Amino acid sequence: MENDDARRANIELKARYPDPGRGRKTCERLGAEFVQSEHQRDTYFSTGAYRMKLRESSLGKHWMIWYSRPNESESRKSSYRLLPVADPDAKRRIFAASMGVKAEVEKARHLYQLGPTRIHLDYVDGLGSFIEFEYVVSETAPEEDGHRVIADLREAFGINDEDLVAGSYSDLVMMGVPAHGD
């Protein structure tokens, strides 16, 4: 993630994925490069059309993330902006007091990179195991290729229609969705 406020875009897909071991093996088989493991806490604030969250990472990099994405279970475009945060505790208190906290999500994330696509193997506290694909749109990775790449990855990882997730982890937390498949 770069250190500026430029608008960016991904093509994304999220699904329940109860076998992270199988996910790691599939990443290796496809030649995806393991990047890092981290613990993240995302605090979602009450906003209008855009979603806004503070991401705190065990790796010491913290971000305010503004994004807009439809709640669809198929691959979809997400537009977002990033702003680095030096003091996440202070930012969380200020935004919580002024806007209110919508949800908090804690997760362990294992990140792999395959070309322009980030593969997240996530374990979300209270929700279970998930996989997420983020095809990063750029001049060399056009948006129109993203849906095809995501479809190919969905097939390679054996993701079924019933495992697809339309919303964000915060949506699942707010709906009180119980852990599944772990």
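Bear in mind that the values here come from a model prediction, so they are computed numbers and not experimental data. (Residues numbered from 1 in each chain as written. Predicted model: local features only at pLDDT ≥ 70, side-chain atom pairs only at ≥ 80, totals over all residues. Heavy atoms only, no water.)

A. Expanded view of the nonpolar core. Grouped together as the largest cluster of nonpolar side chains are 19 residues, with contacts concentrated most on Ile119, Ile131, Phe133, Phe157 and Ile159. If you list the elements that add at least two residues to this core, you get strand S1 (8–16), strand S7 (117–124), strand S8 (128–136) and helix H3 (143–156). The residues touching Phe133, leaving out its near neighbours within four places in the chain, are Ile11, Glu12, Leu13, Thr117, Arg118, Ile119, Ile150, Leu153, Arg154, Phe157 and Ile159. Judged by nonpolar contacts, the second largest core, of 13 residues, contains Trp63, Val124, Leu127 and Phe130. (Core = buried A, V, L, I, M, F, W, Y, C linked by side-chain atoms within 4.5 Å. Buried < 20%, exposed > 50% of the residue type's maximum accessible area, 1.4 Å probe, protein only. Helix = DSSP H or I, 4+ residues; strand = E, 2+ residues; numbered from the N terminus. Contact = heavy atoms within 4.5 Å.)

B. Focus on the environment of Gly100. Mapped onto the elements, Gly100 comes out in the loop between helix H2 (88–99) and strand S6 (101–114). According to the relative accessible area criterion, Gly100 is partly exposed, its value standing at 22%. Once the C-alpha coordinates of Gly100 and Ser46 are considered, the two residues, 54 residues apart in sequence, prove to be 5.7 Å apart. Apart from residues lying up to four places away in sequence, Gly100 is in contact with Tyr44, Phe45, Ser46 and Phe95.

C. Summary view of the sheet that holds S8. Around the barrel, which closes on itself, the 8 strands sit in the order S1-S5-S4-S3-S2-S6-S7-S8 with antiparallel pairing between neighbours. Taken pair by pair, the neighbouring strands of this sheet meet at an average axis angle of 35°, ignoring direction. The strands touched by H3 are S1, strand S5 (76–85), S6, S7 and S8; relative to S8, the strand with the most contacts, the crossing angle is about 150°. (Pairing = 2+ DSSP bridges. Axes fitted to C-alpha atoms, helices over the stretch in contact; angles between N-to-C directions.)

D. Structural view of the pairing of S8. For S8, a buried count of 8 out of 9 residues is recorded, marking the element as mostly surrounded by other parts of the structure. Bridging between S1 and S8 involves 7 bridges; their strand directions are antiparallel. Bridging across to S8, Leu13 finds its partner in Phe133. In the sheet, S7 pairs with S8 via 8 bridges, with the strands oriented antiparallel. Along S8, the bridge assignment pairs Asp122 with Phe130. Connecting S7 to the antiparallel partner S8 that follows it, the hairpin turn spans 3 residues, and Gly126 within it adopts a positive phi of roughly 80°.

Keep in mind these numbers describe shape, not what the thing actually does.
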